[in-house]
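# Summary of structural features
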Amino acid sequence: MALNHSRSVKLNDGHFMPVLGFGTFASDELWSTFLRPEFVQPALEKSLTKLGLDYVDLFIIHWPVAMKPGDDLLPKDASGKIIFDTVDLRDTWEALEKCKDAGLTKSIGVSNFNHKQLEMILNKPGLKYKPVCNQVECHPYLNQSKLLEFCKSKDIVVVAYSALGSHRDPNWVEKDSPYLLEDPILNAVAKKHKRSPGQIALRYQVQRGVVVLAKSFNEKRIKENFQIFDFELTPEDMKAIDGLNRNFRYAKLLFAVDHPYYPFSEEY
């Protein structure tokens, strides 16, 4: 993985990905009800038709926990419990490889995988392509340092979502969760650089070699998010922000905690 000042990162398959936000970089995620191998390519083809594209730049498995196949995105039983499925992720991965070979996607990756699940894919007999990335929740309160180290050793890019904390959707996030951007240390570093706490949180990731998905619907915030390439955090700043880590996860997705592939029971 080579980070350069062209604001893009080279992936292990030779393609490039923007370091911040995806912009015109087209990506698609394979949802949990389509993890059975026979549903993978039809799901991508349906997305491509909707998007009016012949291919995407990146196609990823959204989350390793399979749910009952069908049209319901969150299939539930009569008591309101999610209905899960059991799928060998190596078979799902093979189906993604076929999508790449068919020219429907340039690159393939995963999201919300822990290191053991990544190893399972990497050690798969007959593996044709490694995942180019692992998209995970990552911010100063959950800096994913061990997972980042592991991914770097395998030439897999870590892509951070919720890099500014979380959108705090009550369906997914507990309402008493801490506000990352109000953190005093983050604010002190921001004041020192005459930047916003959000810019510091994003710059922190970029300097660690992490690609950042920064979502915002606020025009001023979007512009601000991209103004992180004209300053640098000092080693002391980085150390201070590293010290904020408390392994706090905004999106715990506890409804799936009993599934054999629930990814967050592992340390990383």
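One can find the structure itself at the top, above this paragraph.
Described below are features of the structure shown in this document. Everything quoted here is computed from the prediction, not taken from an experiment.

### Remarks on the overall build of the chain
The helix and strand tally for the chain stands at eight helices and eight strands. Taking 2.2 N^0.38 as the reference for a compact globule, 268 residues should give roughly 18 Å; the C-alpha atoms of the chain span a radius of gyration of 19 Å, in line with that estimate. Along the longest, intermediate and shortest principal axes, the C-alpha atoms of the chain span 55 × 45 × 35 Å. Out of the 268 residues belonging to the chain, those deemed buried represent 50%.

### Observations concerning the sheet that holds strand β7 (residues 157-161)
Two modes of strand pairing occur in sheets, parallel and antiparallel, and in both the strands are linked by backbone hydrogen bonds. If you trace the six strands from one edge of the open sheet to the other, you get β3-β4-β5-β6-β7-β8, paired in parallel fashion. In this open sheet, the two edge strands, each paired with only one partner strand, are β3 (27-30) and β8 (211-212). Across two bridges, the pairing between strand β5 (residues 105-111) and strand β6 (residues 133-137) is parallel. Within β6, the position partnered with S111 by the bridge is Q135.

### Overview of the nonpolar core
One finds M17 and F59 to be the most contacted residues of the largest nonpolar core, which totals 74 residues. Aside from chain neighbours lying at most four places away, what touches M17 is R7, S8, V9, L11, F22, F25, L58, C133, V159 and V211. By size, the runner-up hydrophobic cluster in this structure holds eight residues, among which are W63, M67, L253 and Y262.

### Some remarks on helix α2 (residues 89-101)
Taking 1.5 Å of rise per residue, 13 residues should cover 18 Å, and α2 covers 18 Å from first to last C-alpha, within 8% of that figure. Regarding α2, its N-cap is D88, as a side-chain oxygen of that residue lies 2.9 Å from the backbone nitrogen of R90 further along. Among the residues trailing α2, G103 stands out with phi positive, at a value near 80°.

### Some details on the pairing of β6
For β6, the buried fraction is high: five of the five residues fall into the buried class. In this view, the connection linking β5 to its parallel neighbour β6 by way of helix α3 (residues 115-122) has right-handed handedness. Bridge count between β6 and β7: five bridges; the pairing is parallel. Residue pairing across strands places Q135 opposite V159, the latter belonging to β7. At this point the chain moves from β6, through helix α4 (residues 145-153), to the parallel β7, and the crossover so formed is right-handed.

### Notes on the environment of N245
Locating N245 in the fold gives a position in the segment after α8 (235-242). Distance from N245 to Y141, taken between C-alpha atoms, is 4.2 Å for residues 104 residues apart in sequence. Residues in contact with N245, not counting those within four places in the same chain, are P140, Y141, L142 and N143.

### Concerning the packing of helix α6 (residues 197-207) against α8
One can describe the packing of α6 onto α8 by two numbers: an axis separation of 11 Å at closest approach and a directional angle of 105°. By the angle class used here, α6 and α8 are roughly perpendicular. Between α6 and α8, the residues in contact are I200, Y204 and Q207 and M238, I241 and D242, respectively. Partitioning the contact of α6 with α8 into residue classes produces four nonpolar, one polar and one charged.

### Structural notes on helix α1 (residues 37-51)
For α1, built from 15 residues, the straight-helix expectation of 21 Å at 1.5 Å per residue is met to within 8% by its first-to-last C-alpha distance of 22 Å. Buried within α1 we find V40, A43, L44, S47 and L48. For α1, the arc enclosing every buried residue in end-on projection is 135°, short of the 170-degree limit, so these residues lie on one face. Of the exposed residues in α1, the ones pointing more than 90 degrees away from its buried face are K46, T49 and K50. Where α1 is buried, its residues touch β3, β4 (56-61), α2 and β5. G52 lies just past α1 and shows a positive phi near 70°.

### Quick word on the layout of surface pockets
Computed from the structure, the second largest pocket encloses a volume of approximately 360 Å³. For the lining of the second largest pocket, the element with the most residues is α4, which contributes three residues. The residue makeup of the lining of the second largest pocket, split by class, is nine nonpolar, seven polar and five charged.

### Considerations on unusual backbone geometry
The backbone of D155 sits at a positive phi, close to 60°, despite the residue not being glycine. One non-glycine residue, S162, lies in positive phi territory at about 55°. Locating S162 in the fold gives a position in the loop between β7 and α5 (184-193).

The rules we used
- Residues numbered from 1 in each chain as written.
- Predicted model: local features only at pLDDT ≥ 70, side-chain atom pairs only at ≥ 80, totals over all residues.
- Heavy atoms only, no water.
- Helix = DSSP H or I, 4+ residues; strand = E, 2+ residues; numbered from the N terminus.
- Rg over C-alpha atoms; globule rule 2.2 N^0.38 Å.
- Buried < 20%, exposed > 50% of the residue type's maximum accessible area, 1.4 Å probe, protein only.
- Pairing = 2+ DSSP bridges.
- Core = buried A, V, L, I, M, F, W, Y, C linked by side-chain atoms within 4.5 Å.
- Contact = heavy atoms within 4.5 Å.
- Expected span 1.5 Å × (residues − 1).
- Polar contact = N/O pair within 3.5 Å; in protein donor to acceptor, adjacent residues only side chain to side chain.
- Right-handed = clockwise from strand over helix to strand, strands pointing away.
- Axes fitted to C-alpha atoms, helices over the stretch in contact; angles between N-to-C directions.
- Parallel < 35°, antiparallel > 145°, perpendicular 65-115°, else oblique.
- Nonpolar A, V, L, I, M, F, W, Y, C, P; charged D, E, K, R; others polar.
- Arc of directions from axis to C-beta.
- 1 Å grid on protein atoms, 1.4 Å probe; cavity = no way out; pocket = protein on both sides within 12 Å on 5 of 7 lines; lining within 4 Å.
- Points joined across faces, edges and corners; volume = space filled by probe spheres on them.

Just distances and angles here, no functional claims.
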